[in-house]
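# Fold and geometry: a report
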Amino acid sequence: MGCSRLPPSASMAALVFGFLVLSGLPELAAAVTRHYTFNITLHNVTRLCQTKSIISVNGRYPGPPIVAREGDRVVVKVVNKVSNNVTIHWHGIRQLRTGWADGPAYVTQCPIQAGQTYTYNFTITGQRGTLLWHAHISWLRATLYGPIIILPTSNESYPFPKPHKEVPIIFGEWWNADPEAVISQALQTGGGPNVSDAYTINGLPGPLYNCSSKSKDTYKLKVKPGKTYLLRLINAALNDELFFSIANHTLTVVEGDASYVKPFDSDVLLITPGQTTNVLLKTKPHIPNSTFLMAARPYFTGQGTFDNSTTAGILEYVHPTKLPPSSSQNNLPLLIPTLPPVNPNATGFVTNFTRKFRSLATAKFPANVPQTVDKRFFFTVGLGTVPCPKNMTCQGPKNGTKFSASVNNISFALPSVSILQAYFFGQKGVYTTDFPTYPPVPFNYTGTPPNNTNVSNGTRVVVLPFNTSVELVMQDTSIIGAESHPLHLHGYNFYVVGQGIGNYDPNKDPANFNLIDPVERNTFGVPAGGWVAIRFQADNPGTCMVHALPLGCPHKLGLEDGMDRTGWTATQSEVTTPTH
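Calculation rules
- Residues numbered from 1 in each chain as written.
- Predicted model: local features only at pLDDT ≥ 70, side-chain atom pairs only at ≥ 80, totals over all residues.
- Heavy atoms only, no water.
- Helix = DSSP H or I, 4+ residues; strand = E, 2+ residues; numbered from the N terminus.
- Buried < 20%, exposed > 50% of the residue type's maximum accessible area, 1.4 Å probe, protein only.
- Areas by Shrake-Rupley, 256 points an atom, 1.4 Å probe, with all protein chains shown as cover.
- Salt bridge = Lys/Arg side-chain N within 4 Å of Asp/Glu carboxyl O.
- Contact = heavy atoms within 4.5 Å.
- Disulfide = S-S within 2.5 Å.
- Phe/Tyr/Trp six-rings, centres within 6.5 Å; stacked < 30°, edge-to-face > 60°.
- Lys NZ or Arg CZ within 6 Å of the ring centre and 35° of its normal.
- pLDDT = per-residue confidence, 0-100.
- Pairing = 2+ DSSP bridges.
- Axes fitted to C-alpha atoms, helices over the stretch in contact; angles between N-to-C directions.
- Arc of directions from axis to C-beta.
- Polar contact = N/O pair within 3.5 Å; in protein donor to acceptor, adjacent residues only side chain to side chain.

Each helix and strand counted, the protein has 4 helices and 33 strands in total. Relative to its full complement of 580 residues, the protein shows a buried share of 63%. Accessible surface, the protein: about 21,400 Å² in total, of which carbon and sulfur atoms supply 49%.

Spelled out as structure tokens, the structure:
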């Protein structure tokens, strides 16, 4: 039995964790159904003097926004008009009992084949802020991505001053080559994929690259003096964490991953792949005699190659009366921001910055972090190796090996059948329920690596009773170099209760956990050479997964966006049969 087409409206019985400026967003009524149609097509795009055909939604790059209010139902009909298999993941949406709509290929659904359609149907529950959607198969999300903008219910307001305008700022990566060919070559050789040729802001690389003009290839944010703007920052890059700053301006962080946080100011931000951060930009009271560069470049901690470049846009003040700019305005000096170094020397800044995120923890927006824990898990995450197939030449870290990322020494093996489908129909042999809850062989995780760096492959999950309170510690390893690993949990938000550098100490570190106002997120970076502890309630029956995005070396696994994954299954006694 292969992949069959399952209804997106089906309820679920198991849980497997394994741009444009919107000036004046539409005034939407509360609790209504929002219909969208995504036509997956090819269209030509020119960047860096290279014209190529890319896969996009409705001929737009980046793709169109999904705009809704908290409590709305969203229905998206996806029509696949290209030869590639496609799925769309609604990154950060809780998908309460709508796991069929989550989107990761071969986990919650089979891919949408050429000429076929699939309708994603979900309700936005208890969330407001910024998220993103992107393809969730191979590396298609290099060009298939866009913003999800969730407004408060019509009778609610923001817990911060109402902004003059709201502006999505989406970071991406651009390859002159076909990204599918890039990852295909990497999987064949077992080496690192060729790095991107540029980073982008709202699809544009900016003026700092060769053959990229300041006029047509640079995103410009035009603002008025004395106003407050809400910037909805989204990191849709495949592989790299990014620093971001606007010259001579301070940003106020008010939300992360569609969860409000205690406001704090920062001149520089860090945003990992899959994360979103809402910030308030307060413009200067009078038009300055300058324009301002807003720039993003990578934070890199691994040992492989990476795109060591900077994407930039321009913050430009305009006269409130909208007079055409004079020649003197066009020749204003351009101020440039100062960003941290791209190498591990910035780890101190990263640690301090991430620790500033705290939940509001108010009666209206509580921090419902589990105070007691039913199940504890300790997962190591990092790079290892697998043997090179016979009669092949591989480019891994050792002779005759390929790179492979793993969790607890197991690299996810992509099944040919959706895991959710296999569970629902009781199909045997697709996955096993024996994923190790602790490393099979303990070692000094951030010290001298073991001699044997090989990992095993498997489609293995952990079974959880419904409504289990879970504590998960993710530990980076130095087996083939320590590096930061962004962690994303499908179908859930989690609370970051602790983090540190070095090996996690289960006897000492829990005493310092924040169980009062920890930040609530769906994506968070496991520190290079360190650990992060999260807690969540397994209250969402369905097939989801937890996965890390290995950075730096190219192991990217070739699995859905290049992320390594681990599976969990939470069972519930009552199961609703899907309707066909």
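To continue, consider the pattern of salt bridges. Inspection of every chain in the model, using the stated rule, returns 11 salt bridges. For Asp72, the salt bridge is made with Arg34, and the minimal N-O distance between the two is 3.1 Å. With Asp72 in the loop between β3 (66–69) and β4 (73–80) and Arg34 in strand β1 (residues 33–47), this pair connects stretches of sequence that are 38 residues apart. Among the residues examined, Asp72 registers a relative accessible area of 0% and is labelled buried.

Turning to helix α1 (residues 179–189), its buried residues number three or more, namely Pro179, Glu180, Val182, Ile183, Ala186 and Thr189. Against the buried residues of α1 lie β2 (50–57) and β22 (401–407). Taken from the residues just after α1, Gly190 is the one with a positive phi, measuring 75 degrees.

Across all of its chains, the model carries 2 disulfides by this definition. The disulfide partner of Cys49 is Cys211, and the gap between their sulfur atoms is 1.3 Å. Linking Cys49 in the loop between β1 and β2 with Cys211 in the loop between β10 (198–201) and β11 (220–223), this pair joins segments that are 162 residues apart in sequence. Judged by its relative accessible area of 40%, Cys211 is partly exposed. Through a disulfide, Cys388 is tied to Cys394; the S-S separation comes to 2.0 Å. Because the sign of the S-S torsion sets the handedness, a value of about 75 degrees for the bond joining Cys388 and Cys394 places this disulfide among the right-handed ones. Judged by its relative accessible area of 16%, Cys388 falls in the buried class.

Below, the discussion takes up the packing of aromatic side chains. A full pass over the atoms with the stated rule returns 31 aromatic pairs. In this structure an aromatic cluster arises from ring pairing among Phe378, Tyr438, Phe443, Tyr445, Tyr504, Phe513 and Trp531. Directly above the aromatic system of Trp174 lies the positively charged group of Lys52, at a separation of 4.5 Å from the ring centroid. The positively charged end of Arg521 is found above the aromatic ring belonging to Phe357, 4.9 Å away from the centroid.

Attention now goes to the side chain of Thr143. Mapped onto the fold, Thr143 is located in the loop between β7 (129–135) and β8 (145–151). Not counting the four nearest positions on each side in its chain, Thr143 is found in contact with Ile54, Ile55 and Tyr61.

This paragraph deals with the confidence of the model for the protein. For the protein, per-residue confidence averages 87 on the pLDDT scale, and 87% of positions sit at 70 or higher. Throughout residues 568–580 the model reports pLDDT below 50, and contacts reaching past four residues in sequence, or to other chains, amount to 47 contacts.

Further remarks concern the sheet that holds β8. One open sheet holds the 4 strands; their spatial order is β3-β8-β7-β5, and the pairing between them is mixed. For this open sheet the edge positions go to β3 and β5 (88–91), each flanked by a neighbour on one side alone. Strand-to-strand twist across the sheet, computed as the mean angle between neighbouring axes with direction ignored, equals 20 degrees. Relative to β7, β5 is paired through 4 bridges, and the arrangement is antiparallel. Counted as the bridge partner of Ile88 is Ala135 from β7.

Attention now goes to helix α3 (residues 347–354). When α3 is considered as a whole, its buried residues turn out to be Thr347, Val350, Thr351, Phe353 and Thr354. Along the long axis of α3, the arc covered by the buried residues comes to 165 degrees, so they all point the same way. Residues of α3 that are buried sit in contact with β13 (241–246), β15 (259–266), β16 (268–271), β18 (291–299), β28 (494–501) and β30 (523–526).

The next subject is the sheet that holds β4. The mixed open sheet is built from 4 strands, whose spatial order is β2-β1-β4-β6. Each edge of the open sheet is held by one strand with a lone partner, namely β2 and β6 (117–123). When strand polarity is set aside, the average angle formed by the axes of neighbouring strands in this sheet is 20 degrees. Direction of pairing for β4 relative to β6: antiparallel, over a ladder of 7 bridges. By the bridge assignment, Val79 is partnered in β6 with Thr117.

This paragraph deals with the environment of Arg358. When you line up the elements, Arg358 lands in the loop between α3 and β21 (375–387). Spatially, the C-alpha atoms of Arg358 and Glu520 are 7.9 Å apart, while their sequence positions differ by 162 residues. Apart from residues lying up to four places away in sequence, Arg358 is in contact with Val261, Lys262, Asn514, Asp517 and Val519. A polar side-chain atom of Arg358 sits 3.1 Å from a polar atom in the side chain of Asp517.

Relative to the elements of secondary structure, Asp539 occurs in the loop between β31 (530–538) and β32 (545–548). Given a relative accessible area of 31%, Asp539 falls into the partly exposed group. Put simply, Asp539 and Thr468 are 71 residues apart on the chain and 7.2 Å apart in space, counted from C-alpha to C-alpha. Setting aside residues up to four positions removed in sequence, Asp539 forms contacts with Arg94, Phe466, Asn467 and Tyr492.

Attention now moves to unusual backbone geometry. The linkage connecting Tyr61 with the following residue, Pro62, adopts the cis geometry, with an omega of -10 degrees. Assignment of secondary structure puts Pro62 in the loop between β2 and β3. For Asn248, which is not glycine, the phi torsion reads 60 degrees and is therefore positive. Tracing the sequence through the fold places Asn248 in the loop between β13 and β14 (251–256). Non-glycine residue Asn467 carries a positive phi angle of around 70 degrees. With respect to the helices and strands, the residue Asn467 is situated in the loop between β25 (461–465) and β26 (468–476).

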